[in-house]
Amino acid sequence: MSSATRFRRLGAGAIITATFAATGGSILFSPNQATNDRGGGPALDFIRQKITDPNAVLPSRASQESVLTGASPANPLDILVIGGGATGSGVALDAVTRGFRVGLVEREDFSSGTSSRSTKLIHGGVRYLEKAVFNLDYGQLKLVFHALEERKQVIDNAPHLCHALPCMTPCFDWFEAVYYWIGLKMYDLVAGSRLLHLSRYYSAQESLELFPTLAKKGKDRSLRGTVVYYDGQMNDSRLNVALACTAALAGAAVLNHAEVISFLKDEANERIIGARIRDNISGKEFDAYAKVVVNAAGPFCDSVRKMAKNDAQPMICPSSGVHIVLPDYYSPEGMGLIVPKTKDGRVVFMLPWLGRTVAGTTDSNTTITLLPEPHEDEIQFILDAISDYLSVKVRRIDVLSAWSGIRPLAVDPSAKNTESISRDHVVCEDYPGLVTITGGKWTTYRSMAEDAVDAAIKSGKLSPTNGCLTQNLRLIGGDGWEPSSFTVLAQQYVRMKRTYGGKVVPGVMDTTAAKHLSHAYGTLAERVAAIAQNEGLGKRLAHGYPFLEAEVAYCARNEYCESAVDFIARRSRLAFLDTDAAGRALPRIIEILAKERSWDKTRQKQELENAKRFLETFKSSKNAQFHDGKH
């Protein structure tokens, strides 16, 4: 880029920033501002009581299935949702809280696809803001407004699973420092009342104190300073499971490991009136009737659409995002590193996450598969990219886990590559009775769900008892949770551990374990701690990680955890944090699940084989030895 172009851009940013400041923020509006203050009234209070009732128990999987099988042509569900990712679970929660009879089916497990393989960021999209300014693109600006509004909402509604994270952008010349400072101040201004924390500039010396592994020199240039701004971070699959469980408590019939194999149609008016479903655990098939079906199958939404209409034109342009997990010493706790442009124009980040460091990401065309795998060259690209900005040696041997996720980008026919495709979502009904929601991103799942339910109401001529309530609805475990809640666990519970000889001995509910339980389960953490104490299940599942045996039993009883993979990948994050540690923990996890689910030896052996096959798709360094000394 020429100096003239760079300073013209800088000038444009400065002018817009000055305009924001001069107007006192009066142009800080959101296209959806009018909906921000929806109170909810008695309907919201009633739903909150159901979710926060200390005696509330999730309906069993069998009872959820019986609700679906009981939906007949004469008494159909209002809405049947296909897909248990963030969007599908969000649709189920939105619909049931509007007073509808709702069912949800998911072929694998809640969050088994894209929703568990995200960047873990809840972000407004600072890159879209840059495009909006320099391309004078109001559509991109609307995306940023909208995402920043939803970012704050996601964090507020699940405070135990989400938090604000400072992200550092290194600057190796003064132009970069000024350019990024102005750009991120604009990001603060656009956020308005939904600002997490103000961005700020740090000198080179201050930056190295905050981020000790940051390189002082890079590509023959010296570090001039850094600009730090804030976005949100989450435990994505646990947030997704919380959505599904909250929907179930509110009255939706949610069923994982249940696959739609065909649609039921009313031949008279050519409308979809339900689906034929196979329970993938029992093998049993049944029909579930509904006034409207919502297709929220993520990357697989085209295959669902083709079930309804063979010649349906594809809507999805799948993009592969690869991430790797490295030891905690690569990044300090509580500070991320984001490089807005690598040598090939991609964004690369390195963020602390659940006691380790997650780095990524790639953005390349891919084919849609159930278990995508990262390629070695993609892993190497990430390692090479971050090594340019770090003073420590970046080694392949340090990769504890690596995974690939498929982003279901909605196709723009004029786009030439995945970087230029809009991340906005698309809602359509290209077959009567089948509403499809696709595209978008994790941050905006709630408003995507709202749009899908609005479309379903129109399609089925449904009558809601109230408007959308999800804006101010805390998810299960979030209501009443405080960052200090872990102290109650540390003070009031012990971890009773079974030795190899079978003797049960007490262990300390240390700060690490207490914090983990509090953040993973919110106000329900005491239920898990009680199992650890009262049932002798207080031992850690893997050395160096805070996951307890009690969590396996709790998730089987209270979170529809039906397999070993459900636990290592979605209920805990062990597969994503350390693939080898997950492999070592499997026998004990299966032993506990076998007791909870009455599995015979054949089923236990099958579970072990399935889990090992699953872990093979996470390309860790097999000979990586890692001990963090914390436990």
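Residues numbered from 1 in each chain as written. Predicted model: local features only at pLDDT ≥ 70, side-chain atom pairs only at ≥ 80, totals over all residues. Heavy atoms only, no water.

An unreviewed UniProt entry lists the chain under the name Glycerol-3-phosphate dehydrogenase, with Manihot esculenta as the source organism. According to its UniProt record, the chain has this under Sequence similarities (unreviewed entry): "Belongs to the FAD-dependent glycerol-3-phosphate dehydrogenase family." What UniProt records for the chain under Cofactor (unreviewed entry) is the sentence "FAD". (UniProt positions renumbered as here; feature names shortened; annotations may be inferred.)

By secondary structure assignment, the location of Lys497 is in strand 21 (residues 494-498). Leaving out residues up to four positions away in the same chain, Lys497 has contacts with Lys503, Val504, Val505, Gly507, Gly536, Gly538 and Lys539. (Helix = DSSP H or I, 4+ residues; strand = E, 2+ residues; numbered from the N terminus. Contact = heavy atoms within 4.5 Å.)

Of the two faces of strand 14 (residues 336-339), both are covered, the one formed by Gly336 and Ile338 as well as the one formed by Leu337 and Val339. In terms of strand pairing, strand 4 (residues 162-171) meets strand 14 through two bridges, oriented parallel. When the sheet's bridge partners are listed, Met168 is paired in strand 14 with Leu337. Sheet topology places strand 14 next to strand 15 (residues 348-353); three bridges connect them, and they run antiparallel. Bridge pairing links Ile338 to Phe349 in strand 15. (Buried < 20%, exposed > 50% of the residue type's maximum accessible area, 1.4 Å probe, protein only. Pairing = 2+ DSSP bridges.)

Between helix 6 (residues 138-157) and helix 7 (residues 174-191), whose axes approach to 9 Å, the crossing angle comes to 70 degrees. If you check the angle between helix 6 and helix 7, you find them roughly perpendicular. Considering the relative orientation of helix 6 and helix 7, their crossing is right-handed. Across from Val144, Phe145, Leu148 and Arg151 in helix 6, the residues of helix 7 making contact are Tyr187, Val190 and Ala191. Of the residues assigned to the contact of helix 6 with helix 7, the class counts are six nonpolar, no polar and one charged. (Axes fitted to C-alpha atoms, helices over the stretch in contact; angles between N-to-C directions. Parallel < 35°, antiparallel > 145°, perpendicular 65-115°, else oblique. Left-handed = near helix turned anticlockwise from the far one by under 90°. Nonpolar A, V, L, I, M, F, W, Y, C, P; charged D, E, K, R; others polar.)

Within this structure, the stated rule accounts for 38 salt bridges. Note that Arg238 and Glu559 form a salt bridge whose closest N and O atoms lie 2.7 Å from each other. Of this pair, Arg238 sits in helix 9 (residues 236-250) while Glu559 sits in the loop between helix 16 (549-558) and helix 17 (564-571), and the two are 321 residues apart along the sequence. For the pair formed by Arg238 and Glu559, the shared burial category is buried. Arg557 is the partner of Glu535 in a salt bridge, and the nearest nitrogen-oxygen pair spans 2.8 Å. With Glu535 in the loop between helix 15 (525-534) and helix 16 and Arg557 in helix 16, the pair connects residues that are 22 residues apart, well separated along the chain. (Salt bridge = Lys/Arg side-chain N within 4 Å of Asp/Glu carboxyl O.)

Another point: the environment of Pro408. The topology assignment puts Pro408 in strand 18 (residues 401-410). With 40 residues separating them along the chain, Pro408 and Ile368 place their C-alpha atoms 9.3 Å apart.

Another aspect to go through is the domain arrangement of the chain. Splitting the chain by domain gives domain 1 (57-116 + 238-314 + 411-460), domain 2 (121-234 + 318-409) and domain 3 (484-617). For domain 1 and domain 2, the distance between their C-alpha centroids amounts to 31 Å. With 26 residues of domain 1 at the contact, the number on the domain 2 side is 29 residues. Around 2400 Å² of area is buried between domain 1 and domain 2 when both sides are counted, 63% of it from carbon and sulfur atoms. In this structure, Arg446 engages Glu150 in a salt bridge whose closest nitrogen and oxygen atoms are separated by 2.9 Å. Summed over the shared surface of domain 1 and domain 2, the number is six residue pairs in polar contact (both at pLDDT 80 or more). Those elements giving two or more residues to the side of domain 1 that touches domain 2 turn out to be helix 9, strand 20 (434-439) and helix 12 (445-460). In the side of domain 1 that touches domain 2, the residues fall into eight nonpolar, ten polar and eight charged. (Domains from an automatic or database assignment. Buried area = accessible area lost by both parts, 1.4 Å probe. Polar contact = N/O pair within 3.5 Å; in protein donor to acceptor, adjacent residues only side chain to side chain.)

By the criterion of burial, strand 18 is predominantly enclosed, with ten of the ten residues buried. What you see with strand 18 is no split at all: Ser401, Trp403, Gly405, Arg407 and Leu409 on one side and Ala402, Ser404, Ile406, Pro408 and Ala410 on the other are buried throughout. Relative to strand 18, strand 13 (residues 316-326) is paired through ten bridges, and the arrangement is antiparallel. Paired with Ile316 across the strands is Ala410, a residue of strand 18.

Counted according to the given criterion, the structure contains four cavities of 30 Å³ or more. Lining the largest cavity we find Gly90, Leu93, Asp94, Asn157, Leu243, Tyr445, Arg446, Ala449, Thr470, Leu473 and Leu475. Among the elements of the structure, helix 4 (86-97) and helix 12 are those that each provide at least two residues to the lining of the largest cavity. The residue inventory of the lining of the largest cavity, partitioned by class, reads six nonpolar, three polar and two charged. (1 Å grid on protein atoms, 1.4 Å probe; cavity = no way out; pocket = protein on both sides within 12 Å on 5 of 7 lines; lining within 4 Å. Points joined across faces, edges and corners; volume = space filled by probe spheres on them.)

Right, let's get into the packing of aromatic side chains. Under the definition given, this model contains eleven aromatic pairs. Between Phe576 and Phe618 the ring centres are 5.0 Å apart and the planes differ by 90 degrees, which places this aromatic pair in the edge-to-face class. Taken together, the residues Phe576 in helix 18 (residues 574-577) and Phe618 in the segment after helix 20 (601-615) connect sequence positions 42 residues apart. What links up through ring pairs into an aromatic cluster is the set Trp403, Phe576, Phe614 and Phe618. Of note, Arg200 hangs over the ring of Tyr202, and the distance from its end group to the ring centre comes to 3.9 Å. A cation over an aromatic ring shows up here: Arg238 above the ring of Tyr521, its NZ or CZ 4.3 Å from the ring centre. (Phe/Tyr/Trp six-rings, centres within 6.5 Å; stacked < 30°, edge-to-face > 60°. Lys NZ or Arg CZ within 6 Å of the ring centre and 35° of its normal.)

With that settled, consider the side chain of Ser319. By the element assignment, Ser319 lies in strand 13. Among the residues examined, Ser319 registers a relative accessible area of 0% and is labelled buried.

Turning to the layout of surface pockets, a few remarks are in order. Taken as a whole, the second largest pocket encloses approximately 1100 Å³ of empty space. Lining the second largest pocket are 41 residues; nearest its centre among them are Glu333, Leu354, Gly355, Lys515 and His519. Secondary structure elements with two or more residues in the lining of the second largest pocket: strand 4, strand 8 (225-234), strand 15, strand 16 (356-360) and helix 14 (511-521). If one sorts the elements of the lining of the second largest pocket by residue count, helix 14 sits on top with six residues. Tallied by class, the residues present in the lining of the second largest pocket amount to 17 nonpolar, 15 polar and nine charged. Shared between two domains, the lining of the second largest pocket holds at least three residues of each, these being domain 2 (121-234 + 318-409) and domain 3 (484-617).

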